[in-house]
Amino acid sequence: MRELKLMKGNEAIAHAAIRCGADGYFGYPITPQSEVMETLMAERPWESTGMVVLQAESEIASINMVYGGAGCGKRVLTSSSSPGVSLMQEGLTYLAGSELPCVIVNVVRGGPGLGTIQPAQSDYFQSVKGGGHGDYKLITLAPASVQEMADFVELSFDLAFKYRNPVMILSDGAIGQMMEKVELDEFKPRWTDEYIEQNHKWATMGKKKGDERSVITSVQLDASVQEDFNHKLQAKYREVEENEVRFEKIMCDDADYIFVAYGSSARICQKSIEIARAKGIKVGMLRPITLYPFPVKELQELAKQVKGMLSVELSAGQMVEDVRLAVNGKVPVEHYGRFGGIMHSPGEVVEALEQKIIGE
Amino acid sequence: MSEHCELKYTDFKSDLSVRWCPGCGDHAILNAVQKAMANLKVLPHEVAVISGIGCSSRFPYYMNTYGFHTIHGRAAAVASGVKVANPNLHVWQITGDGDALAIGGNHFIHLIRRNIDINVILFNNQIYGLTKGQYSPTSKRGFISKTSPFGTVEDPFRPGELALGARSQFFARTVDKELKLSIEVMQEAAKHKGTSIVEVLQNCVIYNDKTHEAITDKKHKADRTIVLHHGEKMVFGANKDKGLVLDGMDIKAVTIGEDGYTLEDILVHDAESYHVSMHRKLANMDYPELPVALGVIRSVEGLSYDQSVELQLKEVQAQTNISSFEELVNAGDVWEVK
C-alpha cells in the first residue's frame, strides 16, 4: 500500500530515502534544500531502519563520507544546492573513477557564485557533462513533481548500482520547495551484509582467507592501463545511453512545434501548451526525464515531424546545445528562458515560441 | 594609519540600511568595529573588510570601506590573498562559527599558523542562523536544533583552544553587548602585527536566543565572567572579591579573605608570555566551574608573515653576489649558442 501524503519535494527525498532502505545520508545546510536533512533528522531512521544521518562540516566532507560509504557497498546519498554541489565535484570524479555507486540531489538555485536562493536550471552543464575533471558522466534524472522527487530516489540507487556510477537527481528550488500530494512506497529493508557480500564483490567487507585483495582507487600510473580503464568506462556509458533513456511526450502526435523542457520548466510549459493550443498553435512537449543519457533518438524522430523546437530552461541556454546536437540542423532550435532565480511565465514561453520559431 | 585626521564612527557607516533581525547581536558588533576604526584613525579607503557566508558576512555591505563578500568558509584564504597582494591595506575578516570553524576550519588554522596580519572577528552564536537553525561546530553537546531534534552527539570546538592550538599569537574574547570592551579588544587586535582572533559571544535572537545569557546577563556577568588586563591581578565579582589561583596544574576560583586566600595569592595576567599553557587554561575556562575569560587573553609579539618575507629577502640579498640585472642573466646555467 502506497501512502498518500502532502509534502515538499525536499521532504519527499528524505522520506523516499528511508523507505527504499538507504543506508546513509551525509549533508550540510544550504538553502533551498536544508529540509532534506532536517526531515531525515526528525524522522530518526537510525531507530527504525538503521539508516545513518550525519551533518558534516562541509559539502566536501559530505561527498567524501559518501565516497567512504559507497566503498562499503552501502546505499548512501547526499543533497545540496548549487554552490555546495560545485564543492562536491572533486569527490564525484573520484567516485566515477573508482566506479562507485551513490546518489546526489542538487536542488538548483541561481548562479554563478553565491547567486540567489531562488530556482534555476543553470547547473545542467555541470551535471550532464561531468562537472569534475576527466572523461566521466553522471547519470542525471530530472524530477518535475514532488512525486518524481520521491520515485527517483530508489530508481537512482538502482541505476547507480547497476552501472557502478554516481547518479544525480537534478531538481531545483521550485520542485524542492513546492508542496504536492505524493504517494510514498512501502518501507523496504536495508540490504544485509550477506546480500552486499554476494552481489557486490568490490565492496569493502573485510578480506577473508583466500579472497583477492581489493583496493579502491582511481589512479593508474601506467597510461596504457588508464586508457584501457577509460575504454571500459566509455563502453559502460554507451550501454547507459542504449538502455536508460527516459522521457515523457506530451501532445506530440499532431504537433507542428515542440517545447523541450525538464523539471520545473516542463511544468510551466504544460500550461504554455494549453495557451498556445487555445490560440490554434499545435505545440507539444518532449520532457527529458534522463538528461544524461539524453533522448537523442526521440528528438531525431520528432525533427522529421515538427517545424521547430524551443528549448525552455531556467538558464541562459544549456540544454539547447544538446537539442541542437541531436537535431543536427534538421529544424530550427532556439532557446528561451529567464534565469538568475527568475522563472518564466507560461505566457512568456508562448510569446517566445511565436517570436523565435513561428515568426521565422 | 594617519595621525592627522579626525574621524567619526559614522565615517565608516555605509548608506545601506542594515538588514539583520531586530535585536541581533551583529548590530552591536558593527558599531564596535566602526568605533574602533575611528579611534585607530585609519582611513576608510585604507581598510578592506572580507567576509565568508553567513549572517555576519553581510558586514562588508554596511562598512564604508573596501568590502569583499566571498565564499562560505574561504574568507581566511581570500583575506590572505588580499593582505599579501596589498600589504598596505588593513584587512579585517568577518566570520562566524559555521563559516570559520566548520567548512572554513582548514583555512582558519592555516591563516593563524602563517601569522598573516589580519584581524579576524569571529561571531560565535553557536548556530547556523542564515540557513534557519542547524547546529554548528560550537553548539554544546546535546544542543537541540533542526538537524539535531534529539540533541547533538558531538563535542564542540572551543574557538580559543583551536586558535591557540594553531599557534595564535593574539586571542581575545568579548560579548556583543559589551560595547566598550569590544572596542578596546578590537583596537588591541588591530595594533597587533600578525593574525589576531577576536571571539565575540553573539546572540542569535531568532534561532538561539539567550545562548550566552547565563554568563552575559547584567545580574550575573560580574560573577560569571572575568575581564583580563595584562599585568593586573585576575580578580572578578560584583565586589571584586573573587580571584583566580593555581591549584596544582589547574586554575581555581577563590574568594579573597576565605579559606586563607589573600590578594597576594591571586594570579597576575601575563598576556605577553610566549608560553601558551596558561593562556589555554584561561581561554578554556567555562561557567559554571569557572568564570568565562574576556579581554585580551594572549598578545605575543612575533614575526608576521609579511615581516618574515621581508626579512628573508634582506637575508638572501645580503648573501648573494648578484647586484645587477646583467649579473642575474649570466647567473646559473648559462651557455653560449654558436
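Conventions and cut-offs
- Residues numbered from 1 in each chain as written.
- Chains lettered and ligands numbered in written order.
- Predicted model: local features only at pLDDT ≥ 70, side-chain atom pairs only at ≥ 80, totals over all residues.
- Heavy atoms only, no water.
- Pairing = 2+ DSSP bridges.
- Helix = DSSP H or I, 4+ residues; strand = E, 2+ residues; numbered from the N terminus.
- Axes fitted to C-alpha atoms, helices over the stretch in contact; angles between N-to-C directions.
- Contact = heavy atoms within 4.5 Å.
- Parallel < 35°, antiparallel > 145°, perpendicular 65-115°, else oblique.
- Left-handed = near helix turned anticlockwise from the far one by under 90°.
- Nonpolar A, V, L, I, M, F, W, Y, C, P; charged D, E, K, R; others polar.

## Focus: the sheet that holds strand β1 (residues 47-51) of chain B
Residue and element names in this part refer to chain B. Judged by pairing direction, the sheet is mixed, and its eight strands sit side by side in the order β2-β1-β3-β4-β8-β7-β13-β9 without closing on themselves. Looking at which strands have only one partner, the edges of the open sheet turn out to be β2 (66-69) and β9 (225-228). Between one strand axis and the next, the sheet turns through 20 degrees on average, direction left out of account. The sheet contact formed by strand β7 (residues 170-175) and strand β13 (residues 292-299) spans four bridges and is antiparallel. Looking at the pairing, arginine 173 lines up with glycine 295 of β13. In this fold helix α4 (residues 105-114) packs onto β3 (90-96), β4 (118-124) and β8 (196-201), with an angle of close to 145 degrees to the strand it touches most, β4.

## Looking at the packing of helix α1 (residues 9-19) of chain A against helix α2 (residues 34-43) of chain A
All names here are of chain A. In contact at an axis separation of 7 Å, α1 and α2 are set at 45 degrees when each is read in the N-to-C sense. In this view, α1 runs oblique relative to α2, as classed from their interaxial angle. In this structure, α1 meets α2 at a crossing whose hand is right-handed. On the side of α1, the interface is formed by Asn10, Glu11, Ile13, Ala14, His15 and Ile18, while α2 contributes Glu35, Val36, Thr39, Leu40 and Glu43. Split by residue class, the contact of α1 with α2 holds five nonpolar, three polar and three charged.

## Some words on the packing of helix α12 (residues 263-278) of chain A against helix α15 (residues 346-358) of chain A
All names here are of chain A. Relative to each other, α12 and α15 sit at 60 degrees, their axes nearing to 8 Å. Between α12 and α15, the interaxial angle falls into the category oblique. The hand of the α12/α15 crossing is right-handed. Residues Ile268, Cys269, Lys271, Ser272, Ile275 and Ala276 of α12 touch α15, and the partners they reach there are Pro346, Gly347, Val349 and Val350. In terms of residue class, the contact of α12 with α15 is made up of seven nonpolar, two polar and one charged.

## Quick word on unusual backbone geometry
In this structure, Pro112(A) follows Gly111(A) across a cis peptide bond, with omega equal to 0 degrees. Tracing the sequence through the fold places Pro112(A) in the loop between β5 (102-108) and α7 (124-128). If you check the backbone angles, Arg164(A) has positive phi at about 45 degrees while not being a glycine. Residue placement: Arg164(A) occurs in the loop between α8 (146-163) and β7 (166-172). In this structure, Lys41(B) takes a positive phi of about 60 degrees despite not being glycine.

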